[in-house]
Amino acid sequence: MQVIDNSGALLIECVNVLKQKVNNGWGSVGDEIVCVVKKARPVNAATSASAVKVRRGDVRRAVIVRTKKVVRRPDGRFIRFDDNAAVLLNNKREMLGTRIGGVVSADLRMKGWGKIVSLAPKVV
């Protein structure tokens with residue numbers, strides 16, 4: 001799953017979907033997950049260690065913002081994205097990064113993730 005914020009992670013793997021008793025552990029847009037960072041931006045001497053928020057192997061929380069699985073909207077439309085993407089969170093359920101670099105689903109606003117929707121360059 002891709003990471004579309006500037007936290008430093010590039011690729012994550014979902015380990016667990018939180019607070020999801022129905023749907024057999026499948027995650028949808030707006031669901032909070034526990035994930036492991038599989039690939040992160042390299043750290044060089046020019047960037048300080050404090051600027052890097054995540055490293056490879058870190059276990060973090062994230063919220064799903066795009067899915068390849070079709071989602072049905074209340075008005076009857078179906079929406080699907082080309083890939084799966086997430087935004088990393090800290091333990092207080094706040095965004096780890098300060099920017100979002102990609103399209104997010106409008107369903108996030110209904111699920112209580114208005115901060116992510118407001119920072120996104122495009123909402124579909």
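Rules and cut-offs
- Residues numbered from 1 in each chain as written.
- Predicted model: local features only at pLDDT ≥ 70, side-chain atom pairs only at ≥ 80, totals over all residues.
- Heavy atoms only, no water.
- 1 Å grid on protein atoms, 1.4 Å probe; cavity = no way out; pocket = protein on both sides within 12 Å on 5 of 7 lines; lining within 4 Å.
- Points joined across faces, edges and corners; volume = space filled by probe spheres on them.
- Nonpolar A, V, L, I, M, F, W, Y, C, P; charged D, E, K, R; others polar.
- Salt bridge = Lys/Arg side-chain N within 4 Å of Asp/Glu carboxyl O.
- Helix = DSSP H or I, 4+ residues; strand = E, 2+ residues; numbered from the N terminus.
- Buried < 20%, exposed > 50% of the residue type's maximum accessible area, 1.4 Å probe, protein only.
- Polar contact = N/O pair within 3.5 Å; in protein donor to acceptor, adjacent residues only side chain to side chain.
- Lys, Arg positive; Asp, Glu negative; His and termini not counted.
- Contact = heavy atoms within 4.5 Å.

## Observations concerning the layout of surface pockets
- Of the pockets and cavities examined, the largest pocket occupies roughly 310 Å³.
- Taken together, 14 residues line the largest pocket, and the ones lying closest to its centre are Trp26, Gly27, Ser28, Thr67 and Lys69.
- Here the residues of the lining of the largest pocket are counted per class, giving seven nonpolar, five polar and two charged.

## A closer look at the pattern of salt bridges
- Counting across every chain of the model gives seven salt bridges.
- Among the ionic pairs, arginine 66 bridges to aspartate 83, the shortest N-O distance being 3.0 Å. Remark: aspartate 83 occurs in the loop between β6 (78-79) and β7 (85-89) and arginine 66 occurs in strand β4 (residues 59-66); sequence separation between them is 17 residues. Each member of the pair, arginine 66 as well as aspartate 83, carries the same accessibility label: buried.
- Note that aspartate 107 and arginine 73 form a salt bridge whose closest N and O atoms lie 2.9 Å from each other.

## Examining the environment of aspartate 5
- On the secondary structure map, aspartate 5 appears in the loop between β1 (2-3) and β2 (9-17).
- Residues aspartate 5 and leucine 88 lie 83 residues apart in sequence; the distance between their C-alpha atoms is 7.4 Å.
- A polar side-chain atom of aspartate 5 sits 3.1 Å from the main-chain amide nitrogen of leucine 88.

## A word on the side chain of aspartate 5
- The buried charged residue aspartate 5 lacks any salt bridge partner; its closest oppositely charged side chain belongs to arginine 41, at an N-O distance of 6.4 Å.
- Looking at aspartate 5, its side chain comes within polar contact range of the side chain of serine 7, at 2.8 Å.
- Apart from residues no more than four positions distant in its own chain, aspartate 5 is found in contact with Arg41, Val87, Leu88, Gly97, Arg99 and Ile100.

In short, geometric facts, not functional conclusions.
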